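Remarks on the overall topology
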Amino acid sequence: MSLSIHLNLFIHGRGHHEAGWRHPGATRKALTDISYFSDLAQRAEAGRFDSIFLADALELASGARHVASGALEPLTALAALARDTRHIGLIATASTTYTEPYNLARQFASLDHISGGRIGWNIVTSWVGGAAPNFGYQNAPEHAERYARAHEFVDVVTALWDSWADDAILDESASGRFLDASRVRRIAHEGPHYRVAGPLNLPRPPQGHPVLVQAGSSESGKAFAARHAEAVFTAHLTKESAIAFYAELKRAAADLGRRTDQLIVLPGLSAAIGSTDAEGVALLDELNELTDIDVGLSRLSDRFGGHDFSALPLDQPLSRDDFPDPSAVQAAQSRAIAITELVSRERPTLRNLLRRLAGARGHFTLGGSPERIADTIEDWVEHRAADGFNVMPPVLPDQLDRFVDQVVPILQRRGLFRREYDGTTLRDHYRLTRPANPHFPNR
């Protein structure tokens, strides 16, 4: 069997479990202390991870009274982490709804230069309802409108990155010629949502384009990913759901004339690792016992656009009728669909559903030994449910240390994961080609 697994570390608070911050294995460093993020990035780099990822939300998290919240702005943090690491890719979220294409293109091009070509942009349309008033808007755009804007936004950003030829800078002090103006062009974009003249005011990024990452799994999100994304972070509660998503997305990309190996799929995996399977399961149970019901209800409400679930009994089996139509949700539509499918399939109580979601907000959670975690990773990749995983430790840094020290060596011994980096850019790690510049063929 010839598999080559990709691993991304998703850094989130003091761990992805809602109660992870309360565990003795969680850091006591402030979430504004850059050394905390630097330590995690360097630990993941020592484990030869492809990349790390910092998500973003544009409002104070719901349940912040009982969940570790208030971390650094991710683009600023990546600039610091680029100086503290040498090989690992660095990915951050930025919204197409609440920023401007020119500004974002500059920020990510600058980060790609600072890091020597290790940057990825996680493209989101920002479903959280509280973001709009923070940016001077009364209401957020509806789901379809957000994605329509996002398609044009990405087209503008990539055009700006391509507004310079790779060889535009001459830097000839003797002749006095610094720039070959014939190798820089305006983009003169005029569309339904944006008018941008260009060119960008700094050279093309080392990777040509920072790697384009996407995380939405609604119908609009999948269409967007098939067209634009080079890596997809996705949430699945079951292997069967992940297999179906993987096949659908790869097929959609192929239908657009894309090579399917140029789109990698990374489901979330939140593994509670113990020395035995029983210890891993016990850790997950321990964390679930520490959760706060009000936090869980608030987060479930967010997934369904503010729907109030507080009147439902905690210990009676749920039915599909207890939830609004997920296809009409204007917030996290794909996650709402996944939750209602789980309810229809398993009929959990509300208490058990909240505990199920507490582990990683709708991503796959698993408690077990290092061997069980490695077996699961290999199984999902072998059966085309994934090209690798978005690793979401429930407690940080303890569970990252266990993953690096105990799971990664198993994958390496099986020949499934690198022992050394064999490239210098995030595109190298993900085995993605560098995009050609359509306006400036190489001379």
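Residues numbered from 1 in each chain as written. Predicted model: local features only at pLDDT ≥ 70, side-chain atom pairs only at ≥ 80, totals over all residues. Heavy atoms only, no water.

**Concerning helix α13 (residues 398-413)**
For the record, the criterion: Numbering goes from the N terminus for both helices and strands, where a helix is a DSSP run of H or I of at least four residues and a strand is a run of E of at least two. A helix is expected to span 1.5 Å for every residue after the first. The bend reported for a residue corresponds to the angle between axes fitted to the seven residues ending at that residue and the seven starting there. To sort residues, take the accessible area from a 1.4 Å probe on protein chains only and compare it with the maximum for the residue type: under 20% means buried, over 50% means exposed, and anything in between is partly exposed. We call two residues in contact when some of their heavy atoms are within 4.5 Å.
Along its 16 residues, α13 runs 23 Å from first to last C-alpha, staying within 8% of the 22 Å computed at 1.5 Å per residue. Of all the bends found along α13, the most pronounced is centred on V407 and spans about 30 degrees, while P409, a proline, follows it within four residues. Within α13 the residues assigned to the buried category are Q399, L400, F403, V404, V407, V408, I410, L411 and Q412. Against the buried residues of α13 lie β1 (6-11), α1 (34-46), β11 (264-273), α8 (277-289), α12 (370-382) and β13 (388-391). Backbone geometry just after α13 places G415 at a positive phi near 75 degrees.

**As for the packing of aromatic side chains**
Our working definition: The aromatic pairing rule takes the rings of Phe, Tyr and Trp, using the six-membered ring of Trp, and pairs them if the centres are within 6.5 Å, calling planes under 30 degrees apart stacked, those over 60 edge-to-face and the rest tilted.
Under the defined criterion, the tally for this structure stands at 16 aromatic pairs. Pairing W121 with F153 gives two aromatic rings, centres 6.0 Å apart and planes at 55 degrees, and the pair type is tilted. A residue pair is termed long-range when its members are at least 10 positions apart, and W121 in strand β4 (residues 119-124) and F153 in helix α5 (residues 143-161) qualify at 32 residues. Considered together, W121 and F153 belong to a single accessibility category, that of buried residues. Every member of this aromatic cluster is reached through a ring pair, and the members are F108, W121, F153, W161 and Y194.

**Here we look at the nonpolar core**
The test is simple: Throughout this description, the term nonpolar core refers to a set of buried Ala, Val, Leu, Ile, Met, Phe, Trp, Tyr and Cys residues connected via side-chain atoms within 4.5 Å.
By size, the foremost hydrophobic cluster in this structure holds 75 residues, and its most contacted members are L7, F49, W121 and F403. Aside from chain neighbours lying at most four places away, what touches W121 is A92, A94, T96, L104, F108, F153, V154, V157, W161, V211, L212 and V213. Listed in part, the 15 residues of the second largest apolar core include L300, F304, L342 and L357.

**Remarks on the side chain of Q262**
Mapped onto the elements, Q262 comes out in the loop between α7 (239-255) and β11. According to the relative accessible area criterion, Q262 is buried, its value standing at 10%. When near neighbours in sequence (up to four residues on either side) are disregarded, Q262 contacts A229, E230, R431, L432 and T433.

**Quick look at empty space enclosed by the protein**
Worth spelling out the cut-off: For each structure, a 1 Å grid was placed over the protein atoms alone; sets of points admitting a 1.4 Å probe that cannot get out are labelled cavities, open sets with protein on both sides within 12 Å along at least five of seven lines are labelled pockets, and lining residues have an atom within 4 Å of a point. Grid points are joined across faces, edges and corners, and a volume is the space filled by probe spheres set on the points. Note that Gly is not counted as nonpolar here; it falls among the polar residues with everything else outside the nonpolar set of Ala, Val, Leu, Ile, Met, Phe, Trp, Tyr, Cys and Pro and the charged set of Asp, Glu, Lys and Arg.
Overall, the coordinates contain 3 cavities of 30 Å³ or more when judged by the stated rule. In this structure, the largest cavity occupies an estimated 100 Å³ of space. Around the largest cavity, the lining residues are E18, G296, R299, L300, R303, R335, I339, L354, L357, A358, R361 and G362. The element contributing the most residues to the lining of the largest cavity is helix α9 (residues 293-303), with 4 residues. Taken together, the residues that form the lining of the largest cavity break down as 5 nonpolar, 2 polar and 5 charged. Of the residues in the lining of the second largest cavity, the class split is 3 nonpolar, 5 polar and 3 charged.

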